[in-house]
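One-letter residues, chain by chain:
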Amino acid sequence: MKVVMVNDCSFVGETLLKNLPKEIDSIHLKRSRNFFDKTFKIAWKILRTKGDVYHFNYLLQDCYIGTKLGKRPLIGHAHGTDVRKNINHFAWKRIIKHNLKKCNTIIVSTPDILEIAQKYREDALYLPNPVDSTLFYPKPVKEQNKKLKVLIASALNWNVKGTDIAIHALSKVKQEVEVSVIGRGIDLTKTLALADSLGLDLNILPATSHEKMNAYFWDTALVIDGFKLGALGMISLEAIACGRPVLNFVSSDYKEYDDFPIKEIDSVEKIVEVLKNLSPKLWESEYGYVKKHHDSKLIGEKITKIYESLT
């Protein structure tokens, strides 16, 4: 069997390919966000490539091109924004709805978009995101000074990640924490200004590659992700895998998170309460969840079964 993986999201596709059985051949067609690269060039790559299964990440133009070129069987892999937001976008909604209906199989990466996808495809499946254990694995926390080292690891985006909520919460305990942010995201300037107005010092780290994010996780004691969506993103999963507890809004509405230890952390008050009562047992419970549901070998077995069912 030969699998053709097209595009990617947070290196999920790449990690899936790493964990396929050796007897499965694969090729990964990648692209940039350059207009030519994500239209004509990727179309040419898809046209020329032959495979037994075609796996498209994001239900956007790549997937649409695949359906129009008659590539079958075709898996459409939704990763969030495509179904969560762009399905109502004036320019994208027709393409996304077309892909939801025309793909042989639809899988989604987070529980919060499963219900949306199932409005168009009752057979849509939730496939947990795999964590690459060759890159993200536990290391002991370095010796701390009197302050707790905190890293806001996600892109600084108030609407999507709720970074402003995190800044307000951390300012309440600013004498007890040493906070770093990664210098990326549309709200970087606003975040720095807000922190300054609240008297919260921020250490700005340079943006780095996916392969080097583990060093940032290992150099901190607590990682903060997002407080808007109610789902676990890759930042949270990879930080937990590196041995660090994570604060992230996880909604109780999704049964997939029933055994995640800390949920409904979506306000300044709740974040502060956790910060003041942080226990080593939090990471142990979070890590147990990640190993049970997001182990890359386990997810590799699951996607292999989906591939086999289509061929």
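A. Region of interest: the overall build of the protein. Within the protein, the regular secondary structure consists of 14 helices and eleven strands. What you see for the protein is a C-alpha radius of gyration of 20 Å, in line with the 19 Å of a compact globule of 311 residues. Taken over the C-alpha atoms alone, the protein extends approximately 60 × 40 × 35 Å along its principal axes. For the protein, the residues scored as buried account for 54% of the 311 residues in total. In the protein, the share of contacts with a sequence separation of at least 24, taken over all contacts with a separation of at least 6, comes to 64%. When the accessible surface of the protein is split by element, carbon and sulfur atoms take 52% of a total near 14800 Å². In the protein, which carries 46 positive and 37 negative side-chain charges, the distance between the mean positions of the two groups comes to 6 Å.

B. View of a nonpolar patch on the surface. Residues Phe35, Phe36 and Phe40 make up a contiguous nonpolar surface patch of roughly 390 Å² in combined accessible area. Position of phenylalanine 35 among the secondary structure elements: in the loop between strand 2 (25-29) and helix 2 (37-48).

C. Structural context of the layout of surface pockets. If you add up the space inside the second largest pocket, you get close to 280 Å³. In this structure, the second largest pocket is lined by 16 residues; those nearest its centre are Leu148, Ala221, Pro245, Leu278 and Pro280. The dominant element in the lining of the second largest pocket, judged by the number of residues it contributes, is helix 13 (residues 280-293), at three residues. A breakdown of the residues in the lining of the second largest pocket according to their chemical character gives eleven nonpolar, two polar and three charged.

D. Region of interest: the environment of proline 140. With respect to the element layout, proline 140 can be found in the loop between strand 6 (125-126) and strand 7 (148-152). The exposure class of proline 140 is exposed, given its relative accessible area of 68%. Considered as a pair, proline 140 and leucine 29 are 111 residues apart in the sequence and their alpha carbons are 37 Å apart.

E. Structural detail: the pairing of strand 9 (residues 202-205). Pairing between strand 8 (residues 177-182) and strand 9: four bridges, direction parallel. Opposite valine 179, over in strand 9, you have leucine 202 as the bridge partner. A crossover links strand 8 with its parallel partner strand 9, the connecting element being helix 9 (residues 188-197), and its sense is right-handed.

F. View of the sheet that holds strand 7. Pairing is parallel in the open sheet, where five strands are placed in the order 9-8-7-10-11. Because the sheet does not close on itself, it has two edges, and the strands there are strand 9 and strand 11 (246-247). Helix 8 (residues 163-172) rests against strand 7, strand 8, strand 9 and strand 10 (222-224) of the sheet, and its axis sits at about 165° to strand 7.

What counts, and where the lines are drawn
Residues numbered from 1 in each chain as written. Predicted model: local features only at pLDDT ≥ 70, side-chain atom pairs only at ≥ 80, totals over all residues. Heavy atoms only, no water. Helix = DSSP H or I, 4+ residues; strand = E, 2+ residues; numbered from the N terminus. Rg over C-alpha atoms; globule rule 2.2 N^0.38 Å. Buried < 20%, exposed > 50% of the residue type's maximum accessible area, 1.4 Å probe, protein only. Contact = heavy atoms within 4.5 Å. Areas by Shrake-Rupley, 256 points an atom, 1.4 Å probe, with all protein chains shown as cover. Lys, Arg positive; Asp, Glu negative; His and termini not counted. Charge placed at Lys NZ, Arg CZ, Asp CG, Glu CD. Patch = residues over 30% accessible without salt bridge, like charges linked within 9 Å, V, L, I, M, F, W, Y side chains within 5 Å. Salt bridge = Lys/Arg side-chain N within 4 Å of Asp/Glu carboxyl O. 1 Å grid on protein atoms, 1.4 Å probe; cavity = no way out; pocket = protein on both sides within 12 Å on 5 of 7 lines; lining within 4 Å. Points joined across faces, edges and corners; volume = space filled by probe spheres on them. Nonpolar A, V, L, I, M, F, W, Y, C, P; charged D, E, K, R; others polar. Pairing = 2+ DSSP bridges. Right-handed = clockwise from strand over helix to strand, strands pointing away. Axes fitted to C-alpha atoms, helices over the stretch in contact; angles between N-to-C directions.

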